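# Structure at a glance
This is what each chain is made of:
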Amino acid sequence: MALRTPMKKTQIGSRDLLANGGGCPVEVFCRLRPPKDNNNNDQETDNSSSSVKILTSTELTLCSSENAKNGQIRESHYEFSHILTDDVSQSAAFKELAIPLLDDLIQGKNSVLFTYGITGSGKTYTMMGPLNNPGLIPRSFDVLFNSIGSYLGKEYLLRSDRQNGYEIQTEADILLERQRKEIQMAKNNNNQRGKMLETTNTRILDMTSIWNAQLNENCSYFVFVTFVEIYNNYIYDLFDDDILNKAPQSKQLRDDNRGRPYIRDVKEIEVRSSEEAIGLLNMGLKRRRIAHTQLNTESSRSHSVLSMRLVQYHNDIPMTSLTKDDLITSTIHLVDLAGSERVNRAKTVGERVKEASNINSSLMVLRQCFEVLRENQAQGTSKMVPYRESKLTSFFKSYFDGEGRIRMILCVNPTADGYEEIQHALKFGELTKDVMVPRALPPPPPVPPKMNRGHVPLREIDNQQQQPSAPVLFTEFNAQALIAPFPSLEYSLLDGVGDDEAMLTLEEHLRRRIDERHRLNMLIHEQHDYLHKFTFELVSDYDSTISDHDELTKENEQQSKTIRHLQTRIKLLEKSQNDFYKTTNQMERENKTLKSKIEDRNNEIKASKTERRKDKIDFENKLKIKINELEQQYLNELKTREIQMRELERQHDDKLNIIRSMAATANTPTNENVYQNPLSVRKRCPSEERILQEASGQSPSSRQAPAVPPKRFRM
């Protein structure tokens, strides 16, 4: 299905590329991080705790052991282009991942190789590696120079115009450039770069070499490198000394005349050996921003992009007619993406939180770009791909549109915690594998022009391996021809020949000397004109420099005044700050004293509360005992009173019975006819008389009622 990503009119559309050359998928290689220790016991422990199970060379299963105790184990299945297990060496990984891209580089094709994964998954280890086990980037330099080292072109012949192109320098420019480099190297003899070059001698070299049909002695090659980092969505040049300042100047992305993004004014350095390239690499790595987090002691806080450019041209093209159109340029970008991380797991604070947020945002934009490309491919839509939301995706926009080959290394730590983060990375890798990018059209091969074979390429003397098949009367002009004598006549050619033939030979030799002199005179005039123009430009530059110097002097004086004023303000602020510190310290001491007093008072209050609580408990216990005693005493008294009252009631009843009987006798009517028993009429005894008197003397209301106990003591 056609990929309809919007592009500039000057570019070849991705749809056309898919129609003409077909599309190729993004190659995704999953690499499991090797164990940190080579100890067998440690390896067994790592393997037993691994959350990744390898099914085939392209399939794996991710297992979650978070709920293993409950018997709930989540598993997810993923498929990639190829899986590199944890026992695959750096050398084998390099041959699998980078060798095909280097072969494309020599053939004039472009490519991108980037690592992706969570923090601590082994991305930087895969790209850089230690000295005794180098990664992809150092080995790429070794293999590239092993392959083209004997075919390098003349040094300083090409120079970057810092606008995604190269300028062809003249002999005078080459001499001036060489002198400047020699002076700079003499000044920096004991500098940091020299130290780094010395340290590279202890590393292990990769002796692999690449050969293909287009790699031959009829082409001259030049290698240029750039090293940038994308920090907080800003691009910084790691080869530029400006990055050492507190506020370095960021670089801007621009589009060239073919619509390809490039970094403007980036420093592009020509390298002649892998040792020199590794020295520059180490210098850039020391300038790259890293920090310590909970998950990684040296966590990358930026995306780094190392670009290797190979420029070549055919040797049969004469130098006088060599133009930019004759140069074939190919690039390989080796990208070390910063790892995605969660703040709560990495325990980052302050500036690190902002860095992590920008890293996650750029990776999210990269994921969105792949998702939109996949959707456009699957559904035939033409949604806008959000390249410009991040500098990372903006820089590699042309590669998504068919500029070159794309490979991704998905680094996974199988023993790391965080099932969801690893699952997120694996899903992204599997999604990326299904994205089709247009296949770039191969570059046209360098066609040598039809001309005489007398032209010799401008190549270093130590790289020339061609032997002359016949004696030559004079050599081609080189950089030292202006100060070297004319070649002498080889008199051995005149032995055994006739006078006429000798005269013809001498005439030919003199004619060539005259032509050579004429050519040298023309060259001298050209150099004179160039030096005159160069001197005039130097004078003009000197005048403008003097003018700028005067302006800068005035500006410097103004800034000096401003600095003095600011210094005065700084002193006043420092004095105020010191007073504030003194006041703060005094208040802190008083605060400590008050806190101590408050603590003592709180302790006293706690002790008093404890004593009161104890006294209350004792009082309550005593009160309960006293209440029990009073209740028991009152009950005893109540029982005694009840007995007494019963006795009094009995006596009172007896008295009432006697009184009733006596009353009944007294109230009986007298009847003469009634027979009275003389025996029944008897005389009262003294005791009865006393009872009657008492009964008559007491009224009914004067009788005592029995005592009633209070409510609280009632049974």
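Up top you'll find the structure we're talking about.
All of the points below concern the structure found in this document. Keep in mind that what you see is a predicted model, and the values were worked out from it rather than measured.

Soluble globular proteins tend to bury their nonpolar side chains together. Phe-80, Phe-114, Phe-370, Phe-396, Leu-410 and Leu-426 are the most contacted members of the largest nonpolar core, which has 52 residues in total. Sequence-distant contacts of Phe-396, defined by excluding residues within four places in its chain, comprise Val-112, Val-305, His-333 and Val-335. In this structure, Ile-106, Leu-113, Ile-210 and Leu-280 belong to the second largest nonpolar core, which totals 48 residues.

Overall, the coordinates contain 0 disulfides when judged by the stated rule. In this structure Cys-411 is not part of a disulfide, and its nearest cysteine sulfur, from Cys-30, lies 8.2 Å away. Residue class for Cys-411 comes out buried when judged on its relative accessible area of 2%.

A separate point is the packing of aromatic side chains. Evaluation of the coordinates by the stated rule reveals 10 aromatic pairs. Between Tyr-166 and Phe-224, the ring centres sit 4.8 Å apart and the planes meet at 40°, which makes this aromatic pair tilted. Highlighted residues: Tyr-166 in strand S9 (residues 166-168) and Phe-224 in strand S10 (residues 219-231), separated in sequence by 58 residues. In terms of burial, Tyr-166 and Phe-224 fall into one category: buried. Here the aromatic rings of Phe-222 and Tyr-313 are separated by 6.0 Å at their centres, their planes lie at 15°, and the arrangement is stacked. Residue Phe-222 is found in strand S10, and its partner Tyr-313 is found in strand S17 (residues 303-314); the two are separated by 91 residues along the sequence. Tyr-313 carries the same exposure label as Phe-222, and that label is buried. Of note, Arg-289 hangs over the ring of Tyr-231, and the distance from its end group to the ring centre comes to 4.2 Å. Taking NZ or CZ as reference, Arg-289 lies 4.8 Å from the ring centre of Tyr-236, over its face.

Turning next to the pairing of strand S2 (residues 27-32). Among the 6 residues that make up S2, 6 are buried, leaving the element largely enclosed by the rest of the structure. Across the two faces of S2 the burial is the same, with Glu-27, Phe-29 and Arg-31 and Val-28, Cys-30 and Leu-32 all buried. Summarising the sheet, S2 and strand S19 (residues 405-412) pair through 6 bridges and their orientation is parallel. Counted as the bridge partner of Leu-32 is Val-412 from S19.

Assignment of secondary structure puts Glu-355 in helix H11 (residues 351-379). For Glu-355, a relative accessible area of 3% translates into the label buried.

Criteria and thresholds
Residues numbered from 1 in each chain as written. Predicted model: local features only at pLDDT ≥ 70, side-chain atom pairs only at ≥ 80, totals over all residues. Heavy atoms only, no water. Core = buried A, V, L, I, M, F, W, Y, C linked by side-chain atoms within 4.5 Å. Buried < 20%, exposed > 50% of the residue type's maximum accessible area, 1.4 Å probe, protein only. Contact = heavy atoms within 4.5 Å. Disulfide = S-S within 2.5 Å. Phe/Tyr/Trp six-rings, centres within 6.5 Å; stacked < 30°, edge-to-face > 60°. Helix = DSSP H or I, 4+ residues; strand = E, 2+ residues; numbered from the N terminus. Lys NZ or Arg CZ within 6 Å of the ring centre and 35° of its normal. Pairing = 2+ DSSP bridges.

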